[in-house]
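Spelled out from the first residue to the last, the chains are:
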Amino acid sequence: SAVISQKPSRDICQRGTSLTIQCQVDSQVTMMFWYRQQPGQSLTLIATANQGSEATYESGFVIDKFPISRPNLTFSTLTVSNMSPEDSSIYLCSVEVDRVGTEAFFGQGTRLTVV
Amino acid sequence: AQSVSQHNHHVILSEAASLELGCNYSYGGTVNLFWYVQYPGQHLQLLLKYFSGDPLVKGIKGFEAEFIKSKFSFNLRKPSVQWSDTAEYFCAVNAPRGNNRLAFGKGNQVVVIP
């Protein structure tokens, strides 16, 4: 299993600003992911955070808006840039411990409100 | 890519009632199936999963789910719910030989009235 710490747990931000969310895992993991959960919607994968290389973004998400860092096998950050109220959402970090396709573990999420 | 459908987003029931949440997915190949639960104020956690073998899977807290391949379904059941089962439940699927990313349904918000 894996224990994931996500910071901050919540924030209220002004439009036009940026917020960086941190994800710390208690063990080395190969796969780390960032999801968004908008009100009343399912979890949507933003990107896969790759260690030592650029993140892999899903359709509809771009690096300029959601830059991601993954400096090592236990840590990643997601930045929500130039925020607008439409970015208000819960952002979740997730990891898969073993080979791809096994159980995913989630952080508690960051509840972001943009005003 | 695979997609997941969950119906009846809001479910309200009394303690001791039976619960069944439907989950249908669209993908023709081999899939791994999951149910995740999110209790109020807590993180998502795995309730049960199906990779292969017996299509009737038993998870934690008395939950079970049945994989019916011909119906592309993985419905979640609990014969007698408790107030503590109030939570949001998400069905998820990934295709290990496809793009292998988890696809989630929209979730079921379940409220159990004491």
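Residues numbered from 1 in each chain as written. Chains lettered and ligands numbered in written order. Predicted model: local features only at pLDDT ≥ 70, side-chain atom pairs only at ≥ 80, totals over all residues. Heavy atoms only, no water.

K.L.:
Describe the overall build of chain B, naming the residues involved and giving the relevant values.
P.N.:
Within chain B one finds zero helices and twelve strands. Scanning chain B from its N terminus toward the C terminus, one meets helices and strands in the order β-β-β-β-β-β-β-β-β-β-β-β. Here the C-alpha radius of gyration of chain B, 14 Å, is about what a compact globule of 114 residues would show, namely 13 Å. When its C-alpha atoms are laid out on the principal axes, chain B stretches across 45 × 25 × 20 Å. Within chain B, buried positions represent 48% of all 114 residues. Here the contacts in chain B between residues at least 6 apart in sequence split such that 57% fall between residues at least 24 apart. Carbon and sulfur atoms form 53% of the exposed surface of chain B, whose accessible area is close to 5,400 Å². (Helix = DSSP H or I, 4+ residues; strand = E, 2+ residues; numbered from the N terminus. Rg over C-alpha atoms; globule rule 2.2 N^0.38 Å. Buried < 20%, exposed > 50% of the residue type's maximum accessible area, 1.4 Å probe, protein only. Contact = heavy atoms within 4.5 Å. Areas by Shrake-Rupley, 256 points an atom, 1.4 Å probe, with all protein chains shown as cover.)

K.L.:
Which residues make up the state of the cysteines, and what values go with them?
P.N.:
Applying the stated rule across the entire model yields two disulfides over all chains. For Cys23 of chain A, the disulfide goes to Cys93 of chain A, at an S-S distance of 1.9 Å. Torsion about the S-S bond of the Cys23 of chain A and Cys93 of chain A cystine: about -65 degrees, corresponding to left-handed handedness. Of this pair, Cys23 of chain A sits in strand 3 (residues 19–25) while Cys93 of chain A sits in strand 9 (residues 89–96), placing them 70 residues apart in sequence. Assigned by exposure class, Cys23 of chain A and Cys93 of chain A land together as buried. Disulfide pairing places Cys23 of chain B opposite Cys91 of chain B at an S-S distance of 1.9 Å. In this structure, the disulfide formed by Cys23 of chain B and Cys91 of chain B twists by about -65 degrees around the S-S bond and is classed as left-handed. One end of the pair, Cys23 of chain B, is in the loop between strand 3 (19–21) and strand 4 (24–26); the other, Cys91 of chain B, is in strand 10 (residues 87–94), with 68 residues separating them in the sequence. Across the pair, exposure class does not vary: Cys23 of chain B and Cys91 of chain B are buried alike. Summary of cysteine pairing: Cys13 of chain A is not part of a disulfide, and the nearest cysteine sulfur, belonging to Cys23 of chain A, is at 18 Å. Overall, the relative accessible area of 8% leaves Cys13 of chain A in the buried class. (Disulfide = S-S within 2.5 Å.)

K.L.:
Account for the packing of aromatic side chains, with residues named and values stated.
P.N.:
Counting across every chain of the model gives 13 aromatic pairs over all chains. When the ring of Tyr50 of chain B is compared with that of Phe67 of chain B, the centres are 4.7 Å apart and the planes differ by 35 degrees; the resulting orientation is tilted. Within this pair, whereas Tyr50 of chain B is found in strand 6 (residues 45–50), its partner Phe67 of chain B is found in strand 8 (residues 64–68), the two being separated by 17 residues in sequence. Note on Tyr50 of chain B: relative accessible area 9%, which makes it buried. Ring pairs connect the aromatic residues Tyr35 and Phe106 of chain A together with Phe34, Tyr36, Phe51 and Phe104 of chain B, which therefore count as one cluster. (Phe/Tyr/Trp six-rings, centres within 6.5 Å; stacked < 30°, edge-to-face > 60°.)

K.L.:
Please give an account of the nonpolar core that cites residues and values.
P.N.:
Ranked by internal contacts, the top residues of the largest apolar core, which has 29 residues, are Trp35, Leu48, Phe74, Leu76 and Tyr89 of chain B. Here this core takes four residues from strand 10 of chain B, the largest share from any one element. Sequence-distant contacts of Phe74 of chain B, that is, excluding residues within four places in its chain, are made with Cys23, Leu33, Phe34, Trp35, Leu48, Lys49, Tyr50, Val57, Ala65, Glu66 and Phe67 of chain B. Membership of the second largest hydrophobic core comes to 27 residues, among which are Cys13, Met83, Cys93 and Phe105 of chain A. (Core = buried A, V, L, I, M, F, W, Y, C linked by side-chain atoms within 4.5 Å.)

K.L.:
Just give me the short version of the interface of chain A and chain B, but keep the residues and values in it.
P.N.:
For interface size, the figure often reported is the accessible area lost on association. Each partner contributes to the interface: chain A provides 19 residues, whereas chain B provides 19 residues. Buried area between chain A and chain B, both sides added, is near 1,600 Å², and the carbon and sulfur share of it is 55%. One can count zero salt bridges joining chain A with chain B. Our enumeration of links across chain A and chain B arrives at one residue pair in polar contact (both at pLDDT 80 or more). The element that contributes the greatest number of residues to the side of chain A that touches chain B is strand 4 (residues 31–37) of chain A, accounting for four residues. A per-class count over the side of chain A that touches chain B returns eight nonpolar, nine polar and two charged. (Buried area = accessible area lost by both parts, 1.4 Å probe. Salt bridge = Lys/Arg side-chain N within 4 Å of Asp/Glu carboxyl O. Polar contact = N/O pair within 3.5 Å; in protein donor to acceptor, adjacent residues only side chain to side chain. Nonpolar A, V, L, I, M, F, W, Y, C, P; charged D, E, K, R; others polar.)

Spatial relationships are all this shows, so hold off on functional conclusions.
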